[in-house]
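Structure assessment
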Amino acid sequence: MGLQFLLLILLPLVLFTRRIYARIDRHAIVSRYNPVRTASSNSTPMQVGNGHFAFGTDVTGLQTFLPFAIMSDWGWKNDSFPPGTTAADIDNYRGAVWDGVQYEFGGPPLIEQWLEANPNRVNLGRVGLLFMEEKGNTLDVTEAALNETQQKLDLWTGTITSRLQWQGEEVEVRTAAAQSSDTIAVTITSSLLQQGRLGVFLDFPWHDGSAGFEAPFVGLWNTTSEHTTALATGRGLGQNVEARIAHTMVNSTFFSFVGGGDQFSISRVSPDAHRYTIIPTHPRASFSIAIAYAPGHLETIPSAEDIVRESQQTWQEFWQQNGFVDLVTGSSDPRADELQRRIVLSQYLLRVNEAGDTPPQESGLVNNGWFGKFHMEMFFWHSAHWALWNNWDLLGRASTVYSRFLASSLRRAQVQQDYPTGARWSKMTDPSGRSAPGEINELLVWQQPHPLVFAEYAYRANASRATLETWRDVVHATADWMAAYARRNASTGFFDLGPPMYVVSEDTAPNATRNPAFELAYWRFGLGHASAWMARLGADVPAAWTEVRENLAPLPTEGGLYAVYEGIPSDFWDTPTYTNDHPALVGLYGWLPQTADVDLEVAKRTAEKVWTSWNITNCWGWDFPMLAMSAARHGDTDKAVEWLLHPLFQFDDVGMPVGGVRVPTPYFPGSGSLLYAVAMMAEGWVGSEGQAPGFPSEAEGWVLRTEGMSKAM
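Just so it is clear, the model here is predicted, and its values are computed rather than measured. (Residues numbered from 1 in each chain as written. Predicted model: local features only at pLDDT ≥ 70, side-chain atom pairs only at ≥ 80, totals over all residues. Heavy atoms only, no water.)

1. Comments concerning the side chain of T665
This is how it is decided: Secondary structure follows DSSP: runs of H or I at least 4 residues long count as helices, runs of E at least 2 residues long count as strands, and numbering of each begins at the N terminus. Think of it in three bands: residues with accessible area under 20% of the maximum for their type are buried, residues over 50% are exposed, and the middle band is partly exposed, with areas taken using a 1.4 Å probe on protein chains only. Polar contacts, as used here, are pairs of N or O atoms within 3.5 Å; protein pairs need one atom able to donate a hydrogen and one able to accept it. Residues neighboring in sequence count only if both atoms are side-chain atoms. By the convention used here, residues are in contact when the closest approach between their heavy atoms is within 4.5 Å.
Along the chain, the position of T665 falls in the loop between α20 (637-644) and α21 (669-683). Under the relative-accessibility criterion, T665 is labelled buried at 18%. For T665, the side chain forms a polar contact with the main-chain nitrogen of G659, separated by 2.9 Å. Among all residues touching T665, those that are not within four sequence positions of it are T44, N367, M656, P657, V658, G659 and G660.

Below is the structure:
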């Protein structure tokens, strides 16, 4: 009887422990959300890639019917200079002077436009199925002529398998991307190959900076006279290389290398076009090739077989060795399934699109926005999640941008803008580090503390002297400029931020904007971390940092709530001008931990006021995870989940974050912020208590398990 009683007591504990601590079946959860399509999407591709390079496909596994992009983090070009303009004119561009500061806007308009649009990111080409009649003539086939189309992306291996029927014959196309080079493997299986009725075509578009946004497709395919391509075949092109095509636009040349598989012949369709046809040499039921892309010569390209193996191995390691959240296995709340789908697909797409050597552009490697350039203020939302999911190998690629851009940022602050010290980080930029002109680009400041956040996460992952030294110069120069930017107000004795400046939402008058609440809190937060960094190094903390941090203006309030900025009209809550874009007031406690001068009761009331008074219908992307993090820290966990699944925060069938009415799809800051918010809510934040503190309880239908995750600040 005593033994039976003991078993009755212990059995529930054993089952509970097993449920909570058994290893997550990651393969089952990831594979559950393998996307499947039966027709091409007109707006988004299915993709393979490696973070530096991505290949977008239609339902054929290639770009047969829709010219989705092949893009990279290195594929950039400059347009010709405006008429009558020289390189010296471009280099000597100067804009307006406001309050003694030289800015990069308001200068000669043609040069300013050229600088904004250049360099621009290019589409490297197009690969498609070639349909032929028995005599070998090319046929103009549309997707409507296909039957039984089905396409599946195996997330666990990073491989797309596409099946279709054409004229009663089955065709299978398998597509994978190399992980150590910018190469795709294509394997086609069909009896049509034996009949000489299938091949592959390559095509190359013209591209310039005439359009800031290019979506869903990038480049112009009919402007053939503006650019050149040249085919080379034979020996001496490189190991595994049978053909090379050089594509030149203005002064930039990009190379495509074909080989790595079965033998083929290649020819140009017409001297007036940039399309090439690839025909298998031997009539077999299967045909494999590899196509590599590079800015210069390649000594070798991998074989198609090696690419498939490398893709399988790298993706399995990605899913198995990094952080993971399981909220679908044990949860009874039906919302858990959709949230898990978004998490898994976001992990895949960000690994494909946003794990390169530079910060990502808003649309990753899918299409172009803002000429393909990246925005340093968005780097946090794109990439900070890697730290919480322990993807340090991926975050380490792009986060070195701060050391690479340090010299140009020092010049921007001290030479261009005449600050006495520090580095001012650009907003909209490119791999050169040059800031794109524009009033908002020059007057936005909330990107400035970001490197201090990345540095702090790096130290938490590896609290070593080497980490401290790696980030020392970046931390010091960042905080130097933050202290120099703040100005002592002779009337109040406090240090003010602005004017002129733009706030996070970019919708206030810059010359009237002083002491915005979020920027003040972020400034204090950043200077505090910079000071702690110096202390860890055993170095003196500059007196200016301490003086500014301890004497920053208090956060502005209006009617017992935090206000967007000091002196804002008292009726701003009822004025759409001020409540129509990114609601950064909720970031005071949510995105940020509690900082000095932030009263949590006031912050909570302010967040609740945002929920009811802000124009949520105009919110987009990272707004919703930011709202969720605020609700989570304030203890309203069900509201946090609601924000993550808000009807206006959508992800399509392959996981692309929908841009909505504001920007084209995809808008990847929505994906990065989703992963950051989920990590924070699931693993917790510094000072949080209990398991999954940002999610509702088990009694409310939520059971979460995490592996390999880190807490947020």
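2. Some thoughts on the packing of helix α15 (residues 465-485) against helix α17 (residues 543-550)
Counted only if it meets this: Note on geometry: axes are C-alpha line fits, over the in-contact stretch for helices, and angles between N-to-C directions span 0 to 180 degrees. For this classification, under 35 degrees means roughly parallel, over 145 means roughly antiparallel, 65 to 115 means roughly perpendicular, and everything else is oblique. Two helices crossing with the near one rotated counterclockwise from the far one by less than a right angle form a left-handed crossing, whereas a clockwise rotation gives a right-handed crossing. Classification used: nonpolar for Ala, Val, Leu, Ile, Met, Phe, Trp, Tyr, Cys and Pro, charged for Asp, Glu, Lys and Arg, polar for all others including Gly.
At a minimum axis distance of 9 Å, the contact between α15 and α17 shows a crossing angle of 50 degrees. The angle between α15 and α17 falls in the class oblique. For the pair α15 and α17, the crossing hand works out as left-handed. Between α15 and α17, the residues in contact are V475, H476, A479, D480 and A483 and A544, W545 and V548, respectively. Across the contact of α15 with α17, the residue classes tally to six nonpolar, one polar and one charged.

3. Some details on the nonpolar core
The condition is simple: To form a nonpolar core, buried Ala, Val, Leu, Ile, Met, Phe, Trp, Tyr and Cys residues must be joined to one another through side-chain atoms within 4.5 Å.
Formed by 207 residues in total, the largest nonpolar core has its most connected members in V127, W319, L339 and F695. Of all the elements, helix α16 (residues 517-537) adds the most residues to this core, at twelve residues. Leave out the neighbours within four places in its chain, and F695 touches L327, L339, T637, V641, V678, M681, A682, W702 and L704. Counting 15 residues, the second largest nonpolar core, distinct from the first, contains A246, A290, A294 and V308.

4. What about the sheet that holds strand β14 (residues 198-203)?
So the rule is basically this: Only strands that DSSP links by at least two bridges are regarded as paired with each other.
Spatial ordering of the open sheet is given by β9-β14-β19-β18, a layout of four strands whose pairing is antiparallel. On the outer flanks of this sheet lie β9 (126-131) and β18 (264-268), each paired with one strand and no other. Averaged over all neighbouring strand pairs, the angle between strand axes comes to 25 degrees, with direction disregarded. For β9 and β14, the ladder comprises six bridges, and the chain directions are antiparallel. Residue V127 lies in a different strand from β14, and its bridge partner there is L202.

5. Overview of the pairing of strand β16 (residues 241-249)
As paired elements, strand β15 (residues 228-233) and β16 share six bridges and run antiparallel to each other. When the bridges of β16 are listed, L231 appears paired with I245. In this sheet, strand β17 (residues 252-259) lies alongside β16 in antiparallel orientation, the contact comprising eight bridges. Bridging from a neighbouring strand, I245 pairs with S256 of β17. The turn joining β16 and β17, which pair antiparallel and follow one another in sequence, is formed by two residues; a positive phi near 55 degrees is taken by V250.

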